[in-house]
Amino acid sequence: MAAIAVDRERSAALIGRDIEHLSGAAYTRSTEAIRRYAYTPEYRNTLDWFAHELESIGFTVTEDAVGTMVARNRPPGEPSFGVGSHCDSNRNGGKYDGTMGVVTALEVCRLNVEHDLGLPLQLISFLEEEGSGFGQMLLGSRIIAQRVGEDDLRDRFRAVDDGRSFWEHAEAAGYEPARWRECAAVLDGLTGWIEMHIEQARVLQDTENRIGLVDAIAGYVHADVVVYGRGDHAGATPMDLRLDPTLVLAETAIELERLARAAGRGTVGTIGEVEVDPGLINAIASSVRFSLDIRGPLDEVYRGVAAEIAAFAQRAAEERGMRADYAERQALPATPMDDRIVGALEAAAATTGEPYRRMHSGAAHDTMCVADRVPTAMVFVPCVDGISHHPAEDADPADAALAAEIILLAIASLQ
Ligand code: GLV
Ligand code: MN
Ligand code: MN
């Protein structure tokens, strides 16, 4: 593998500077967390900042019909290698999830210019990876992969903030959702794709590795359960005359933990959203909606847990004289990475002399949708105590700089 004398300290300083800049007031809707999502001014500011940086090093920056940002140093359709991630955040997010990946991809593009390598590159920052705007994770990349239907975009996907459709919001922001099928062209000409991301677990920290080379990404099911009870007075209604849907929520939460533990092999299950209607201290709820996030590396195993918990919630509701409806929101299968790209990354990592390991990703990533059409891989860096989707998220720009160097070397070796 050809050596490239990268000044890692300088890369780390630039990456650290960029991350701090993008944590400023213009880029987040909250003073307590990083909160930015599609079609908000803070998200717009973030894309504009990246576009400005990329244009200053000779890239042409465009957006697809709904807002995924694409920057190229070659004309569209010509072969190029893809790098990037997402720069939207969890609603209660930190500085690093997604954004550090795009900033690191930007550093790869900068190094390509500085070292006069002439690599054909395409940086992509996917729209709405986190689902913070519309409750739909990986939305931009699923549109690109055509893993959505027109009805979803026109009607089913609704904004968390105001209930208006994705379509309406996209149009109001100046996009053309009617041309969503053309978004598939974002991946045209890509000969490979590498996404860098914080690990979001603590395997790297605990094993004292600085780099994770992802060989597979866990699949997931996202679903909603609505339990219909009977709203009533919390003080006047005797315990044996109630139809209280929160009890089904409680039983289902405990059962989900039991099922996921029993399934083992990396299976996890979470109830992350709970909506109690009407949500008053002195009223028995009329209904409760809760979300299910069930994941794992083995499709048949976590899918089995999803089927069992759906049946359990319905049975638990019936036993208490109520009804529960289960509806799948979306799902993606576990996704293996490409051996050749992972191999090139491994060879590049070995030349740096820094500790690395292969691993799987428990979190979902846009790379799952890229993998449909393009040979892909991911590079992880440690995050402190594995914490993410939380403002306490922390990661070291020096590790990101190492990742940038490894990605650059791998891409150069694959040309
Ligand atoms: C993505 O942010 C995920 O929840 O896996
Ligand atoms: Mn992410
Ligand atoms: Mn995330």
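Here is a short report on the structure shown in this document. (Residues numbered from 1 in each chain as written. Chains lettered and ligands numbered in written order. Predicted model: local features only at pLDDT ≥ 70, side-chain atom pairs only at ≥ 80, totals over all residues. Heavy atoms only, no water.)

1. Some points on the overall build of the chain
Okay, so step 1: When helices and strands are counted, the chain shows twelve helices and 16 strands.
Okay, so step 2: Relative to the compact-globule value of 22 Å for 415 residues, the chain shows a C-alpha radius of gyration of 22 Å, a close match.
Okay, so step 3: Along the three orthogonal principal directions, the C-alpha set of the chain runs to about 75 × 45 × 35 Å.
Okay, so step 4: Long-range contacts, defined as pairs at least 24 residues apart, comprise 78% of the intrachain contacts of the chain with a sequence gap of at least 6.
Okay, so step 5: Working note: accessible area of the chain is about 16600 Å², and carbon and sulfur atoms make up 50% of it.
Okay, so step 6: Taken as two groups, the 38 positive and 66 negative side-chain charges of the chain have centres that lie 2 Å from each other. (Helix = DSSP H or I, 4+ residues; strand = E, 2+ residues; numbered from the N terminus. Rg over C-alpha atoms; globule rule 2.2 N^0.38 Å. Contact = heavy atoms within 4.5 Å. Areas by Shrake-Rupley, 256 points an atom, 1.4 Å probe, with all protein chains shown as cover. Lys, Arg positive; Asp, Glu negative; His and termini not counted. Charge placed at Lys NZ, Arg CZ, Asp CG, Glu CD.)

2. Quick word on the side chain of D399
Okay, so step 1: With respect to the helices, strands and loops of the structure, D399 is situated in helix α12 (residues 397–414).
Okay, so step 2: In contact with D399, not counting residues within four places along its chain, are R210, I211, V381 and P382.

3. A short note on the site of ligand 1
Okay, so step 1: Surveying the vicinity of ligand 1 reveals the residues E129, E130, M137, R295, A363, A364 and H389.
Okay, so step 2: Take E129: an N or O atom from its side chain is 3.5 Å from an oxygen atom of ligand 1.
Okay, so step 3: Class assignment of the residues belonging to the shell around ligand 1 gives a composition of three nonpolar, one polar and three charged. (Near = heavy atom within 4 Å. Polar contact = N/O pair within 3.5 Å; in protein donor to acceptor, adjacent residues only side chain to side chain. Nonpolar A, V, L, I, M, F, W, Y, C, P; charged D, E, K, R; others polar.)

4. With respect to the coordination of the manganese ion (ligand 2)
Okay, so step 1: The protein atoms that coordinate the manganese ion (ligand 2) are H86 (NE2), D97 (OD) and H197 (NE2), at distances of 2.0 to 2.2 Å.
Okay, so step 2: All donors of the manganese ion (ligand 2) belong to a single chain; written as a sequence motif, their spacing is H-x10-D-x99-H.
Okay, so step 3: The manganese ion (ligand 3) is placed at 3.3 Å from the manganese ion (ligand 2), the two being bridged by D97. Placement of D97 in the loop between β3 (80–86) and α3 (99–114) and of H197 in strand β5 (residues 190–198) is noted, with a sequence separation of 100 residues between them.
Okay, so step 4: By relative accessible area, H197 is classed as buried at 1%. (Donors = N, O, S within 2.8 Å, 3.2 Å for Na, K, Ca; no water. Buried < 20%, exposed > 50% of the residue type's maximum accessible area, 1.4 Å probe, protein only.)

5. Looking at the pattern of salt bridges
Okay, so step 1: The full count for this structure, using the stated rule, is 37 salt bridges.
Okay, so step 2: Between E251 and R320 there is a salt bridge; the shortest N-O distance is 2.9 Å. One end of the pair, E251, is in helix α8 (residues 246–263); the other, R320, is in the loop between α9 (299–319) and β13 (323–332), with 69 residues separating them in the sequence.
Okay, so step 3: Given the relative accessible area of 29%, E251 is considered partly exposed.
Okay, so step 4: In this structure, R303 engages E328 in a salt bridge whose closest nitrogen and oxygen atoms are separated by 3.4 Å. In this pair, R303 is assigned in helix α9 and E328 in strand β13, connecting sequence segments 25 residues apart.
Okay, so step 5: Assessed through its relative accessible area of 36%, R303 is described here as partly exposed.
Okay, so step 6: Linked by salt bridges that have partners in common, R8, R210, E354, D399 and E405 make up one network. (Salt bridge = Lys/Arg side-chain N within 4 Å of Asp/Glu carboxyl O.)

6. A word on α8
Okay, so step 1: With 18 residues, α8 extends 26 Å between its outermost C-alpha atoms, agreeing within 8% with the 26 Å of an ideal straight helix rising 1.5 Å per residue.
Okay, so step 2: Looking only at α8, the buried set comprises V248, L249, T252, E255, L256, L259, A260 and A263. With its buried residues spanning 135 degrees around the axis, α8 presents them on a single face. The exposed set on the far side of α8, more than 90 degrees from its buried face, consists of I254, R261 and A262.
Okay, so step 3: Here the buried face of α8 lies against β7 (219–228), β9 (268–270), β10 (274–277), β12 (287–296) and α9.
Okay, so step 4: Count one or two residues on from α8 and you reach G264, which has phi positive near 60 degrees. (Expected span 1.5 Å × (residues − 1). Arc of directions from axis to C-beta.)

7. Quick notes on the packing of aromatic side chains
Okay, so step 1: By the definition in use, this model includes six aromatic pairs.
Okay, so step 2: Considering the side-chain rings of Y39 and F134, the 6.3 Å spacing of their centres and the 70 degrees angle between planes classify their relative orientation as edge-to-face. On the criterion of sequence distance, the pair formed by Y39 in the loop between α1 (8–21) and α2 (41–55) and F134 in the loop between β4 (121–126) and α4 (139–144) is long-range, its members being 95 residues apart.
Okay, so step 3: Its relative accessible area of 6% is what places F134 among the buried residues.
Okay, so step 4: Ring centres of W49 and F50 lie 5.1 Å apart, and the angle between their planes is 75 degrees; this geometry places the pair in the edge-to-face category. We note that W49, like F50, is buried.
Okay, so step 5: Each residue in the set Y39, F134, F166 and Y175 is aromatic and connected to the rest through ring pairs, giving one cluster.
Okay, so step 6: Cation over ring: R154 sits above W167, and NZ or CZ is 4.0 Å from the ring centre.
Okay, so step 7: Between the NZ or CZ atom of R295 and the centre of the ring of Y220, over which it lies, the distance is 5.7 Å. (Phe/Tyr/Trp six-rings, centres within 6.5 Å; stacked < 30°, edge-to-face > 60°. Lys NZ or Arg CZ within 6 Å of the ring centre and 35° of its normal.)

8. Structural notes on the side chain of E405
Okay, so step 1: With respect to the element layout, E405 can be found in helix α12.
Okay, so step 2: Overall, the relative accessible area of 8% leaves E405 in the buried class.
Okay, so step 3: Filtering out sequence-adjacent residues up to four positions away, E405 remains in contact with V6, R8 and T352.

9. Details of the coordination of the manganese ion (ligand 3)
Okay, so step 1: Looking at the metal site, the manganese ion (ligand 3) is ligated by D97 (OD), E130 (OE), E130 (OE) and H389 (NE2), spaced 2.1 to 2.6 Å from it.
Okay, so step 2: Positions of the donor residues of the manganese ion (ligand 3) along the chain correspond to the pattern D-x32-E-x258-H.
Okay, so step 3: By relative accessible area, E130 is classed as buried at 11%.

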